[in-house]
Amino acid sequence: MSDVMEFEGNKDNISTKAYLEEAVSQPEISSLASVASHHSAPGSQPLGTGLEARGVHAWFGKHHALADVNLDFPAGTVTALIGPSGCGKSTFLRTLNRMHEFIPGAAMAGEVLLDGKDIYEPGTDVTKIRLKVGMVFQKPNPFPSMTIAENVLAGLKLAQLKAVNKDDLLEECLHRAGLWNEVKDRLKAHGGSLSGGQQQRLCIARALAVKPEVLLMDEPCSALDPGSTLKIEETVRQLIESVIVVIVTHNMQQAARVSDYTGFFLSDGGPGQLIETAPTSEIFSRPKDPRTEAYVTGRFG
Amino acid sequence: MSTPTSAPLQSEIPPAREIILTRRFSDRVFRGVVTAGGFVSLVVLGLIALFLASRSIDIFKTFGFHFITGFKWDSGDPDNGIAPVLGIGAMLIGTIVTAVVGLVIALPVSVGMALFLEYYMPIRLKKSLTMVIDLMAAIPSVIFGLWGFFVLMPHAIYWAKLLHKYFGWIPFLDVQAPIFERSPFIAGLVLSIMIIPIVTSISREVFSQVPLDRIQAAYALGATRWTMIKAVVLPFGSSGIAGGAMLGLGRAMGETVAVYLVLNLYFQPNFQVLFSAGGSVASMIVTKFGEAGQLELQGLMAAGLVLFIVTLIINFLSNMIVKRTSRTGN
């Protein structure tokens, strides 16, 4: 426990030191053309080497919520994290883009490697990490004071990025989120005027606009109807050409439909642990661990 | 007649029942007490308005609308045949000028302080600093007035001279004569310190209600704290800030003793905030009250009524603005 990282208990306290050291540099999205080509010809441009969790532990105050999670997220894949409530899968997800530290008393140990570099290394610019590792939340949370277009491009303003052509970026992101046809005639309408499912896809478009390498999705469909859920799943399948997707879900059919790999988390009273991880088809057909089998066959959880 | 015919529709629908709620005794007692409490404040407010109106009715009969728009205050001299002329126009304008100066200074300070308290300050220190700021509101206004006169004014005169020297080309920062003592600017400074607590505490309250999921959405998009505040907190809190500002304005307009000590009352409208001439209805009432004759006393009551109504309107507006926040907040 010697290398536990402690965070101050302010709701927005990005580890103060890292915050102070953060350089006010303004990265630029150099060319949309590169993104476009990358999009149309998957594999023509190498993706990052991916995301790896090494021995990740998490605490909330004294409560040990997550123990020793080792998990790889290879490029071009969707990984689903399943498990009963309170097993630490959402907590794990939030350690992957340093959103974990917003919770007062939160601490973690271990390493999260993005393209081989530990994102918790002192001196790391946390805002850049969150640009590379985007997140979609359980409840759709578009900015209500902004229009649909402003919502999609909000990340550019928030992270002080410059885009060469905002209109192209807007259209591209809405296309990729599967929302373009539904909103192209009312881009100036407010984000709150959309349905729940549309709002969630708006949030996906918003996350994509800053060109993340990884997209974390925390039960993105739990507040949505089946039709919207299906649309989001289709969107996720199309995203893997350019981003690594990690999706937490309570819905095992969803995990089966959408993911290439599945990790099963479980807490037996103590901290949550990663019980088993395997290609999704194996997890659902011949799990190695009897607890996984019990869960995926619906005997508990 | 063997087949049963359906009865006319009217008879099938029973009349709506009257729902009678029988309240238990203790509930009735409590209701009575609470309702009485609610009414007392209304009744007191109404009686004050009634009292002022009854005392000042003659003034409005005599001077009409001119009482509000006129710039002259002369109790007259019956022996020499000089008719009295009473008008509080200059004082009313002065009240607004001084209060606006106070607000312009207080608003950025308050919003900055509220942001600091809510988003930058370590949580452990937040409570104590909040308490200190609230404590500022508890300091008697005469203390602020004395401090303003003896401590602040010598410095403020220097600041006023600087402002005049470099920004004198802006009409309201010009002066007709280099007299900087007891100006609306200095009164506004003192007022700003008096209304900072109220504006700060309302802004902070609104900022603390910003939905966490929006804050997190911003951070998850790579926002720095400041860009997050610009994109999420300020749009959410804007009408709350406006409401707080209006309440502060109301307080500033009603402030009496502090302004009396640091403002030179002058019965001509003056928009040069650095110049030693200003107006304040409340302070004027205090100044004139001691040696007022019959008619003048009625005039002061009427001035009180006008101030009362203006303040009431401002409070009403601020309530409306704050209410709008809580609706758009969802």
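These numbers were taken from a predicted model, which means no experiment stands behind them.

**Side note on the overall build of chain A**
(1) Moving on: If you tally the helices and strands in chain A, you get 13 helices and 11 strands.
(2) Moving on: Within chain A, buried positions represent 56% of all 301 residues.

**Some thoughts on the overall build of chain B**
(1) Moving on: Counting its secondary structure elements, chain B contains 12 helices and two strands.
(2) Moving on: Along chain B, helices and strands appear, N-terminal first, in the series α-α-α-β-β-α-α-α-α-α-α-α-α-α.
(3) Moving on: Since a compact globule built from 330 residues should have a radius of gyration of about 20 Å, the 27 Å found for chain B marks it as more spread out than a globular shape.
(4) Moving on: Projected onto its principal axes, the C-alpha coordinates of chain B cover approximately 105 × 65 × 40 Å.

**Some remarks on the pattern of salt bridges**
Residues and elements named next belong to chain A.
(1) Moving on: Under the counting rule described, the total for this entry stands at 16 salt bridges over all chains.
(2) Moving on: Across the salt bridge formed by E182 and R201, the nearest N and O atoms sit 2.9 Å from each other. Within this pair, whereas E182 is found in helix α8 (residues 180–183), its partner R201 is found in helix α9 (residues 196–208), the two being separated by 19 residues in sequence.
(3) Moving on: A relative accessible area of 2% places R201 in the buried class.

**A look at the state of the cysteines**
All names here are of chain A.
(1) Moving on: Going through the model one piece at a time under the given rule, you end up with zero disulfides over all chains.
(2) Moving on: Here C87 is not cross-linked by a disulfide; its sulfur's nearest cysteine counterpart is in C221, at 18 Å.
(3) Moving on: Judged by relative accessible area, C87 falls into the buried class, the value being 1%.
(4) Moving on: Looking at C221, it has no disulfide partner, and the nearest cysteine sulfur is the one in C203, 12 Å off.

**Here we look at the confidence of the model for chain A**
(1) Moving on: On average, residues of chain A score 82 in pLDDT, and 83% of them reach the 70 mark or higher.
(2) Moving on: Confidence over residues 8–47 of chain A falls short of pLDDT 50; this stretch has 83 contacts with residues more than four positions distant or in other chains.

**A look at the interface of chain B and chain A**
(1) Moving on: Listed per partner, the contact involves 27 residues of chain B and 33 residues of chain A.
(2) Moving on: Surface buried jointly by chain B and chain A totals about 2,500 Å² across both partners, of which 58% is contributed by carbon and sulfur atoms.
(3) Moving on: When the buried area of chain B at its contact with chain A is split by residue, Y219, L221 and R225 of chain B rank highest and sum to 27% of it.
(4) Moving on: The interface formed by chain B and chain A holds one salt bridge in total.
(5) Moving on: One salt bridge connects K139 of chain A with D213 of chain B, and the closest N-O pair in it is separated by 3.7 Å.
(6) Moving on: There are three residue pairs in polar contact (both at pLDDT 80 or more) connecting chain B and chain A.
(7) Moving on: Elements that contribute at least two residues to the side of chain B that touches chain A include exactly α4 (89–120), α5 (123–136), α8 (212–220) and α9 (225–254) of chain B.
(8) Moving on: With nine residues, α8 of chain B is the single largest residue contributor to the side of chain B that touches chain A.

**Re unusual backbone geometry**
(1) Moving on: With a phi close to 60°, R98 of chain A is a non-glycine residue in the positive phi region.
(2) Moving on: One can find R98 of chain A in the loop between α3 (89–95) and β5 (106–114).
(3) Moving on: Of note, the phi angle at R182 of chain B is positive, near 45°, even though the residue is not glycine.
(4) Moving on: Locating R182 of chain B in the fold gives a position in the loop between α6 (141–167) and α7 (184–207).
(5) Moving on: By relative accessible area, R182 of chain B is classed as partly exposed at 28%.

**Describing the nonpolar core**
(1) Moving on: By size, the foremost hydrophobic cluster in this structure holds 56 residues, and its most contacted members are F92, L96 and F143 of chain A together with Y119 and M228 of chain B.
(2) Moving on: Setting aside residues up to four positions removed in sequence, M228 of chain B forms contacts with L158 of chain A together with Y119, I215, A218, Y219, A223 and V233 of chain B.
(3) Moving on: L153, L208, L215 and V236 of chain A belong to the second-largest nonpolar core, a separate cluster that totals 51 residues.

**Focus: the environment of G88 of chain A**
(1) Moving on: Following the sequence through the fold, G88 of chain A ends up in the loop between β4 (78–82) and α3.
(2) Moving on: Distance from G88 of chain A to F73 of chain A, taken between C-alpha atoms, is 18 Å for residues 15 residues apart in sequence.

**Topic: the sheet that holds strand β8 (residues 214–218) of chain A**
All names here are of chain A.
(1) Moving on: With mixed pairing, six strands are arranged side by side in an open sheet as β7-β8-β9-β4-β10-β11. Every interior strand has two partners, whereas the edge strands, β7 (133–136) and β11 (273–279), have only one. On average, each strand axis in the sheet is tilted by 20° relative to the strand beside it, whichever way the strands run.
(2) Moving on: Of the strand pairs in this sheet, strand β10 (residues 261–266) and β11 are connected by six bridges, and their pairing is antiparallel. Bridged to F264 within β11 is E276.
(3) Moving on: Set on the sheet, α9 makes contact with β7 and β8; between it and β7 the angle comes to about 170°.
(4) Moving on: Here helix α10 (residues 226–239) sits on the sheet and contacts β4, β8 and β9 (244–248); the angle it forms with β8, its principal contact strand, is near 160°.

**Examining a nonpolar patch on the surface**
All names here are of chain B.
(1) Moving on: A cluster of nonpolar side chains, I139, V142, I143, L146, W147, F149, F150, V151 and V257, forms an exposed patch at the surface whose accessible area comes to about 730 Å².
(2) Moving on: The element that contributes the greatest number of residues to the nonpolar patch is α6, accounting for seven residues.
(3) Moving on: According to the relative accessible area criterion, W147 is partly exposed, its value standing at 33%.

Rules and cut-offs
Residues numbered from 1 in each chain as written. Chains lettered and ligands numbered in written order. Predicted model: local features only at pLDDT ≥ 70, side-chain atom pairs only at ≥ 80, totals over all residues. Heavy atoms only, no water. Helix = DSSP H or I, 4+ residues; strand = E, 2+ residues; numbered from the N terminus. Buried < 20%, exposed > 50% of the residue type's maximum accessible area, 1.4 Å probe, protein only. Rg over C-alpha atoms; globule rule 2.2 N^0.38 Å. Salt bridge = Lys/Arg side-chain N within 4 Å of Asp/Glu carboxyl O. Disulfide = S-S within 2.5 Å. pLDDT = per-residue confidence, 0-100. Contact = heavy atoms within 4.5 Å. Buried area = accessible area lost by both parts, 1.4 Å probe. Polar contact = N/O pair within 3.5 Å; in protein donor to acceptor, adjacent residues only side chain to side chain. Core = buried A, V, L, I, M, F, W, Y, C linked by side-chain atoms within 4.5 Å. Pairing = 2+ DSSP bridges. Axes fitted to C-alpha atoms, helices over the stretch in contact; angles between N-to-C directions. Patch = residues over 30% accessible without salt bridge, like charges linked within 9 Å, V, L, I, M, F, W, Y side chains within 5 Å. Areas by Shrake-Rupley, 256 points an atom, 1.4 Å probe, with all protein chains shown as cover.

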